[in-house]
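The residues making up each chain are set out below.
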Amino acid sequence: MADSSPSDLKVRTRRFALRVIRLYGALPTSVVAQTLGKQVLRSGTSVGAYYREACRTRSDAEFISLIEGGLKELEETIYWFELIVDAELFAAERLADLMTEADELMAILTASVKTVKSRTGRA
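Computed from a predicted model, the values in this text were never measured in an experiment.

J.: Describe the overall build of the protein, with residues and values.
T.: Secondary structure assignment for the protein yields four helices and zero strands. Counting from the amino terminus, the protein carries its helices and strands in the arrangement α-α-α-α. Over its C-alpha trace the protein gives a radius of gyration of 15 Å, about what one expects of a compact globule, namely 14 Å for 123 residues. Put simply, of all contacts in the protein between residues at least 6 apart along the chain, 72% involve residues at least 24 apart. As displayed, the protein has an accessible area near 6900 Å², and 52% of this comes from carbon and sulfur atoms. Once the 17 positive and 17 negative side-chain charges of the protein are each reduced to a mean point, those two points are 8 Å apart.

J.: Any details on the nonpolar core? Residues and values, ideally.
T.: In terms of nonpolar packing, the biggest core is built from 32 residues, with Phe16, Leu23, Ile67, Leu74, Phe81, Ile84 and Leu109 touching the most fellow members. Contributing elements (two or more residues each) for this core: helix 1 (6-26), helix 2 (31-54), helix 3 (60-86) and helix 4 (92-120). It is helix 3 that contributes the most residues to this core, 10 residues altogether. Once residues within four sequence positions are removed from consideration, Ile84 is found in contact with Leu23, Leu27, Leu36, Val40, Leu89, Phe90 and Leu95.

J.: I'd like a rundown of the packing of aromatic side chains, residues and numbers included.
T.: Applying the stated criterion across every chain yields a total of two aromatic pairs. Where Tyr79 meets Trp80, the ring centres are 4.9 Å apart and the plane angle is 65°; that geometry is what we call edge-to-face. What makes Tyr79 partly exposed here is its relative accessible area of 43%. For Trp80, a relative accessible area of 14% translates into the label buried. Above the face of the Phe90 ring, Arg94 is positioned so that its terminal group lies 3.8 Å from the ring centre.

J.: Go over a negative patch on the surface, please, and point to the residues and values.
T.: A cluster of acidic side chains, namely Glu75, Glu82, Asp86, Glu88 and Asp103, defines a negative patch on the protein surface. At three residues, the largest contribution of residues to the negative patch is made by helix 3.

J.: Describe helix 2, listing the residues and the values that go with them.
T.: Its 24 residues place the ends of helix 2 35 Å apart at the C-alpha level, agreeing with the 34 Å of an ideal helix rising 1.5 Å per residue. Within helix 2, the axis deviates most sharply at Ser46, by approximately 25°. Those residues of helix 2 that sit buried are Ala33, Gln34, Leu36, Gly37, Val40, Ser43, Gly44, Ser46, Val47, Gly48, Tyr51 and Ala54.

J.: Can you break down the packing of helix 2 against helix 3 residue by residue, with the values?
T.: Interaxial distance between helix 2 and helix 3 falls to 8 Å at its minimum, and their mutual angle equals 155°. In terms of orientation, helix 2 lies roughly antiparallel with respect to helix 3. For helix 2 against helix 3, the interelement crossing comes out left-handed. Here the residues of the contact of helix 2 with helix 3 are counted per class, giving 14 nonpolar, seven polar and four charged.

Rules used throughout
- Residues numbered from 1 in each chain as written.
- Predicted model: local features only at pLDDT ≥ 70, side-chain atom pairs only at ≥ 80, totals over all residues.
- Heavy atoms only, no water.
- Helix = DSSP H or I, 4+ residues; strand = E, 2+ residues; numbered from the N terminus.
- Rg over C-alpha atoms; globule rule 2.2 N^0.38 Å.
- Contact = heavy atoms within 4.5 Å.
- Areas by Shrake-Rupley, 256 points an atom, 1.4 Å probe, with all protein chains shown as cover.
- Lys, Arg positive; Asp, Glu negative; His and termini not counted.
- Charge placed at Lys NZ, Arg CZ, Asp CG, Glu CD.
- Core = buried A, V, L, I, M, F, W, Y, C linked by side-chain atoms within 4.5 Å.
- Buried < 20%, exposed > 50% of the residue type's maximum accessible area, 1.4 Å probe, protein only.
- Phe/Tyr/Trp six-rings, centres within 6.5 Å; stacked < 30°, edge-to-face > 60°.
- Lys NZ or Arg CZ within 6 Å of the ring centre and 35° of its normal.
- Patch = residues over 30% accessible without salt bridge, like charges linked within 9 Å, V, L, I, M, F, W, Y side chains within 5 Å.
- Salt bridge = Lys/Arg side-chain N within 4 Å of Asp/Glu carboxyl O.
- Expected span 1.5 Å × (residues − 1).
- Bend = angle between axes of the 7 residues up to and from the residue.
- Axes fitted to C-alpha atoms, helices over the stretch in contact; angles between N-to-C directions.
- Parallel < 35°, antiparallel > 145°, perpendicular 65-115°, else oblique.
- Left-handed = near helix turned anticlockwise from the far one by under 90°.
- Nonpolar A, V, L, I, M, F, W, Y, C, P; charged D, E, K, R; others polar.

Structural data, given as structure tokens:
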């Protein structure tokens with residue numbers, strides 16, 4: 001797993017969002033594809049926004065809340081990726097790298113929440 005410093009995560013979450021934007025742009029124009037695409041576009045681009053906001057929090061509780069919001073968006077994004085594959089809009093291989101990045105971001109953000117919770121006795 002790559003460095004998980006705040007600046008690195010800002011870059012990674014922005015790159016993730018850009019990849020999701022490109023995914024949406026590559027989807028077919030059918031109603032089903034566009035419906036799933038808009039969902040993944042919204043959730044996939046929200047992860048970085050939550051992280052950016054969390055970097056500016058005034059309390060541990062606010063940080064935890066925002067990072068957990070980003071985790072929810074990541075989980076939802078993974079769900080939409082799976083549906084895109086299951087609906088045969090893209091092959092699983094085409095989304096494999098994006099799924100891996102989503103899983104890695106999930107692990108990093110989860111570890112961040114656990115660290116803050118253990119430090120503050122909220123575990």
